[in-house]
Structures are given as C-alpha cells and as structure tokens.
Amino acid sequence: MSRLLCGSHGNVVCATNNDGLNMESAKRSLTGLTNKPEGRVLVLYTGGTIGMMRNEQGVLVPIANAFVKNLRKYPQLYDREYAEKKFGAMGPLVLPVTATDNRRVVYNVLEYTNLCDSSNMTMDEWIRIANDIKESYEHFDGFVVLHGTDTLSYTASALSFMLEALGKIVILTGSQVPIFDTRSDGLDNFLASLVIAANYNIPEVCVFFGTNLMRGNRTSKASATSFEAFYSPNFSPLATANIKIEVDYRSIFRSCILEKFYVHASLNRNVGLLRLFPSITSELVKVFLQPPIEGVVLQTYGAGNVPTNREDIIAELRAATKRGVVIVNITQCATGCVSDAYEAGKLLYKNGVIPGFDMTPEAALTKLAYVLSKHEWDTETKRQMMQTNLRGELTAGRPPTMQDWDLVEAVARSLRLSSAAELQELGSILFPAMLNAAVIRRDIVKLESLQGYGADISQANADGRTALHIACCEGDIKVVRRLLKMGANVHIKDRFDRTPLTDAIEYDRHEIIKVLLQCGAHLHGDAVQIGERMCDAATAGNTKRLQSYLMAGADLSQKDVSGRTPLHFAALHNHTDAVKFLLDHGADPHCIDMLGQTATELAKAARASDAIRLLTSSGQNGVVKNAHAS
Ligand code: ASP
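Being a predicted model, the structure only gives us computed values, none of them experimental. For every chain, the first residue of the written sequence is number 1, and numbering continues from 1 along that sequence. Whole-chain, interface and lining totals are the exception, using all residues; otherwise, since this is a predicted model, local features are given only for residues with pLDDT of at least 70 and side-chain atom pairs are given and counted only at 80 or more. Note: side-chain values were computed over all heavy atoms of the structure, leaving out hydrogens and water.

What to know about the overall build of the protein
And then number 1: Here a strand is any run of E in DSSP of at least two residues, a helix any run of H or I of at least four, and the numbering for each starts at the N terminus. Across its full length, the protein holds 26 helices and 20 strands.
And then number 2: The buried share among the 630 residues of the protein stands at 55%.
And then number 3: When contacts within the protein are restricted to residue pairs at least 6 apart in sequence, long-range pairs at least 24 apart make up 71% of them.
And then number 4: In this description, accessible areas are obtained by the Shrake-Rupley approach with a 1.4 Å probe, and a residue is regarded as covered only by the protein chains that are shown. Just so you have it, the protein exposes about 26700 Å², and 52% of that area is on carbon and sulfur atoms. To sort residues, take the accessible area from a 1.4 Å probe on protein chains only and compare it with the maximum for the residue type: under 20% means buried, over 50% means exposed, and anything in between is partly exposed. Should any heavy atoms of two residues lie within 4.5 Å, those residues are considered in contact.

Overview of the packing of helix α6 (residues 123–136) against helix α7 (residues 152–162)
And then number 1: Convention adopted: a line fitted to C-alpha atoms gives each axis, helices being fitted over their contacting stretch, and angles between N-to-C directions are expressed from 0 to 180 degrees. Close contact between α6 and α7 brings their axes to 10 Å; oriented N to C, the two are set at 50°. In terms of axis orientation, α6 runs oblique to α7. Considering how the two elements wind past one another, α6 and α7 form a crossing that is right-handed. Packed against α6, whose contacting residues are W126, I127, I129 and A130, the element α7 presents Y154, T155, A158, L159 and M162 at the interface.
And then number 2: Side-chain classes are defined by residue name, with Ala, Val, Leu, Ile, Met, Phe, Trp, Tyr, Cys and Pro counting as nonpolar, Asp, Glu, Lys and Arg as charged, and the others, Gly among them, as polar. Of the residues that constitute the contact of α6 with α7, the class distribution is eight nonpolar, one polar and no charged. An angle below 35 degrees is read as roughly parallel, one above 145 as roughly antiparallel, one from 65 to 115 as roughly perpendicular, and any other as oblique. By the definition used in this description, the sense in which the near helix is turned from the far one sets the handedness, with an anticlockwise turn below a right angle giving left-handed and a clockwise turn giving right-handed.

Thoughts on the pairing of strand β17 (residues 271–275)
And then number 1: Of the strand pairs in this sheet, β17 and strand β18 (residues 295–300) are connected by five bridges, and their pairing is parallel. Within the sheet, the bridge partner assigned to G272 lies in β18 and is V296.
And then number 2: A crossover gets the label right-handed when its path from the first strand over the helix to the second runs clockwise, viewed with the strands pointing away from the viewer. A crossover connection joins β17 to the parallel β18 through helix α9 (residues 282–288); in handedness this β-α-β unit is right-handed. Here a strand pair is declared whenever DSSP counts at least two bridges between the two strands.

Points about empty space enclosed by the protein
And then number 1: Using a 1 Å grid laid over the protein atoms alone, points where a 1.4 Å probe fits but cannot get out form a cavity; open sets with protein on both sides within 12 Å along at least 5 of 7 lines form a pocket; any residue with an atom within 4 Å of a point counts as lining. Grid points are joined across faces, edges and corners, and a volume is the space filled by probe spheres set on the points. Taken as a whole and judged by the stated rule, the model has three cavities of 30 Å³ or more.
And then number 2: By volume, the largest cavity is sized at about 170 Å³.
And then number 3: Along the walls of the largest cavity sit 18 residues, with L166, G167, S255, A488 and C519 positioned nearest its centre.
And then number 4: Grouping the amino acids of the lining of the largest cavity by side-chain chemistry returns ten nonpolar, six polar and two charged.
And then number 5: In terms of residue class, the lining of the second largest cavity is made up of four nonpolar, four polar and five charged.

Some points on the sheet that holds β17
And then number 1: With parallel pairing, four strands are arranged side by side in an open sheet as β17-β18-β19-β20. If you trace the sheet from one side to the other, it starts and ends with β17 and β20 (354–355), each paired once.
And then number 2: Note that β18 and strand β19 (residues 326–331) share six bridges and pair parallel. If you follow G295 over to β19, its bridge partner there is V326.

Looking at the site of the ligand
And then number 1: We call a residue near a molecule or strand when any one of its heavy atoms sits within 4 Å of it. As a structural note, the neighbourhood of the ligand is formed by G48, T49, D117, S118, G148, T149, D150 and S175.
And then number 2: Polar contacts, as counted here, are pairs of nitrogen or oxygen atoms within 3.5 Å of one another; within protein the pair requires one atom able to donate a hydrogen and one able to accept it, and residues that are adjacent in sequence qualify only if both atoms are side-chain atoms. Measuring from a nitrogen atom of the ligand, one finds a side-chain N or O atom of D117 at 3.0 Å.
And then number 3: Measuring from an oxygen atom of the ligand, one finds a side-chain N or O atom of T149 at 2.4 Å.
And then number 4: In isolation the ligand exposes 260 Å². Once the protein is present, 90% of that is buried.
And then number 5: Among the residues forming the shell around the ligand, the class breakdown is no nonpolar, six polar and two charged.

Concerning helix α17 (residues 467–474)
And then number 1: With seven of eight residues buried, α17 lies mostly within the body of the structure.
And then number 2: For α17, every residue scored as buried is listed here: A467, L468, H469, I470, A471, C472 and C473.
And then number 3: Phi for G475, located one or two positions after α17, is positive at around 95°.

Below, the structure is given as structure tokens:
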C-alpha cells in the first residue's frame, strides 16, 4: 500500500500519488460509505497499444502520465460527480454504477515509468508485476494488468505460476486499437475487466479479450488484427461478457492448500522452445540442448510425434535428458493433447522426454522457468511437477468425475424446466441453499457430494454469503477446514461487505480466525470503522471480542471518529478486564481524543476508580508495564 500511495518505488509512478492523494485520504477513499458497496481494483498499466496516443506525426506512442488524465475525460470510465464528491478531484477513479453490477468499481492506476511495448518484456517485468500485486494485495479486491498483446499470454502464464495460493482475481487485458481512438476494442476490454475484477471472485490469473474471460495459462495470441485477438484452444472460457456476464463457476480452478498468498519471485532463464520441422539437423538440436540450457519445450507433430527414422535426433534428446535437462513434449497443433498412441510418440518417453499434455507453448515454457527455479525440489520432483496440473494449465488423463447436474436435473425435471439457462439458474439458487444446509448440519460428506454434483464451493446466495461465511458463524472448525480444503475462498464479501473473517470475529471463533489468517484472510475496509467496532466491544467490556480483533491483526489503539480508542471506552465504563487486556497488549494510554482527553482523564471524570488504578499503575512517561506483543 505504502508504495502505491507514497510512490516511492523506483520503477513505477503512482498516478494517484501524482494527483496528490495522501495515504490517509486514500485509505478513507477506498471504503464503502455508499449504499452500493464498492469493489476496489488496482490497475497496473505496463504499456502496450491500449494506452498509446498519436504524436504529431500520427505515430502511436506511449505518453507518460497522460493515461489517467485522459481516463478522467471519459464519462464511461469516470463518474466525475460521484468521484469528486466522495474523493475530491484528484482521488481514485470511479466507474458509473450500473443496475446489473453488485459493486461500484473504484480503481487506482499504477503507471509504470517505462511504458513498454510487450515485445520488450522480460522475466524481470513479470517479477515486477508479481511483486506489485503482492505489495497491494490486501487493499484491493482485484487487479487488472494493462499489457501489450504481443507477449500477454506469456506474462499471464508466468504470473499464474508465480502468484502462489492466489485468492483474488488478476486480469490481463490490452487492445488492438488504443483506448482513446474513436473506434477501439480497448474501451470494452478495459471496462469489462474492471467490472469483473470488482464483482466476481475468480481467484485466477485470467485474460480478458473480446467477450471472453479466459484462464491466462490456457491462452495464446491468435490474431494480429482481429478484436478477438486471443483464444483458449483447450479450455472453454471461465466467463463470457455479453449483455450479461455469465460465469462458469464449475470451471474455476481453486487452490485447495491452506496457505496464504505469496509470490515466487524467481525464474530459471535457461529454458527454450524447440519446434521440430522436417529435415531439422541433429547439429541444430545438439547446439540447442547444450549447457547452460536446463529445460526445453519440444514442439512435436500431431499427437506428440517425432520421426522414428531419425536416431541422430533421438540420441541428442537422450543425451540431454541423461544430463538432467528437462524436456517437455507438446504438440505443434493449435488444439489437442500429446499422447503415446503412436510408436513415434512412445519413442520420446522411452528416452526421458516427459509429456506436456495439452499445455500451450506459453504455459509450458513459463512453467518450466518456474519449476526449474524451485530449489527445494529435486530433479525427479521437477519432472513430476511438469506433468502435474498446478494451476489448471493442463488436462492430464481423465477429467475428474462429476455427477453432471444429476441432483439439479432431478429437480428441474420435476419442475418441467428444459433450457440450459434455466438449469444454470436453478443450480445457482439451489446449490448455495444446499451447501448452507450441509454446513449447518455439519455434514462434511454432504458438502463433498454437493461438490461432486457440480456445486461451486464458493457460490454465494442472494445476500452474497457463501458456505464459508455460514461456517464461520456456526463455529465448527472441522467444517471450516474442510471447506478451505475444498477450495472455499476467504476473500468473498457479502452484500453487507462482510468476509468470513468478519463473521469469525463477530462470533469470537478464535480457532477459526487462526485458520482463516493462515489462508490469507485479512481485515478490510476503513480502519476507523474497525476502531468503532472495537470501541463498542470495549464499552460493553467484551474482552473476548477485543481478543478476536487482536488475533485478526487490528491495531488496538485505533481511534473512532471522535478520536477515542477502545481504552478510552473501557476506562470510562470501568471495565477492568478490558482495560487490563488492552494495556497488556500495547494499547497506548497517552492517546488523546478530539477533546484532548486521555483514557485516564475520562476514567477520572467518570470516577471509575478500578480503571484509574490500573491506568496509573500501568506505567509512566508512556511506558506500559508488562506490555507484550502477541
Ligand atoms: N506491440 C504491442 C505490444 O505488444 C501490440 C499491442 O499492444 O497490442 O505491446
């Protein structure tokens, strides 16, 4: 956050900072103070055609610091009235609200100093983007990366591996024509990406182009001229944005590891792509496989075939795999998968080459760079990982069995529904209700079978509440763990802007708070509002609640709107347990409220003698005795 808002990073310029937004006002600006909750999106503008403008010669060039200024001129991209009233003229940008979206999109733009044609991108830029997402991860609901189209699929694929245990959506988009040109695909691509990033919990690195939201590591650039510039040859889109945005929740890849989001920020650069062609020489193959190369994506014919009559090439491949070079076989065909159906394919596997199934060249190459940089894995593990589906990038063997809509179909039949749309809608109504019922009954077997029937474990009901929200209220740690292992997302906010962590705090489920934090959950929203809730707890002498907030990472000295801290209220109401708890956990007894009063002064005014004793014996000159951090 600090880097975004203070703009101290060497390589990036923060548009909001250029506009003079300070940290406090930015924090305040990003809260949901309106009826419609806000969805906060960080836009990383790295370059590419989308943001380019024509110079005097009519040539397309990126112009530093012009992008945000121009965005503010477009009513589709900037609701001036709302934004200026709420955030001031130089605050974040806000999209006009629509009736169909649940959240109003508030977005900040982080403009890179070296706006880059994506042909010039390197692994260093991928690492920079990943780190920028990490820096701002907790402050936004989603991320949109504006990127040149030429190497966009490489970046998307690389990020999908580098962003480990990702719980929020990252969308890469760009355009064939600059966004500020009269007729441009950029406007639609950008708008749809913003709306999806703010409104949908799809915890994946995606590419949006045309009308499709695709899994990033399944995409390739398909056209240098068409507005449908990207395709996802072996995997259908995660969502389509036509009049309605329709998400195929069943195809979302959800991380099932109880881990917090982190970035794997190193890549092995000794990797390459080698495409076979008739009469390729063994000298070329030999040179290509020489050290320092450590991993090669071999693009073979059809279902993964090499010429069986070219022992010279096979010998080079064999020698390289024996030296430890990881060689992954993928097809040159646009769609389909390599297999060992033919002798010509089997030959490769006998000589140490491993199958890359239906991975795109971009996914296979970036996955190699990622896997080979994992120093904790030995060579055999790396070879295994290349064949394992890590982020939905490959389909190996049989797809997981799903009892295709049986349950819903049965209900649908009895209701005489027939169209796919009706079935889809029925599923979206029935599944959340059934998941919630299973949570309330603590029925883990039922939860698992519902997933088997095609329920998305993070599917929300009409109030935007998921099974995990309910489980956090109910308080059974086993159910919570199971849901998380089934891929339930910790970041989903309901209609009232509550996350599962909010529920766990307000039901004082301490074990659950711990496991949610382990999975990357964090407090969100306005610090002053959190301060107010803690002040309420202190007023009621609810030490357990204060402990819940402390466990969730709240600052116990956070002030409410009147500048009072929880300690002020605990002292005022003479709640000695709460006063002691707060002092023991580092609350500052010298904080003054808007009237200039400390907690001790308030306690004195209220004749709260026990609280006064604790406060006065707690320390002098700002030093609190026995204080310890936890
Ligand atoms: N050459 C440009 C780039 O990849 C093309 C584009 O943005 O579409 O950055």
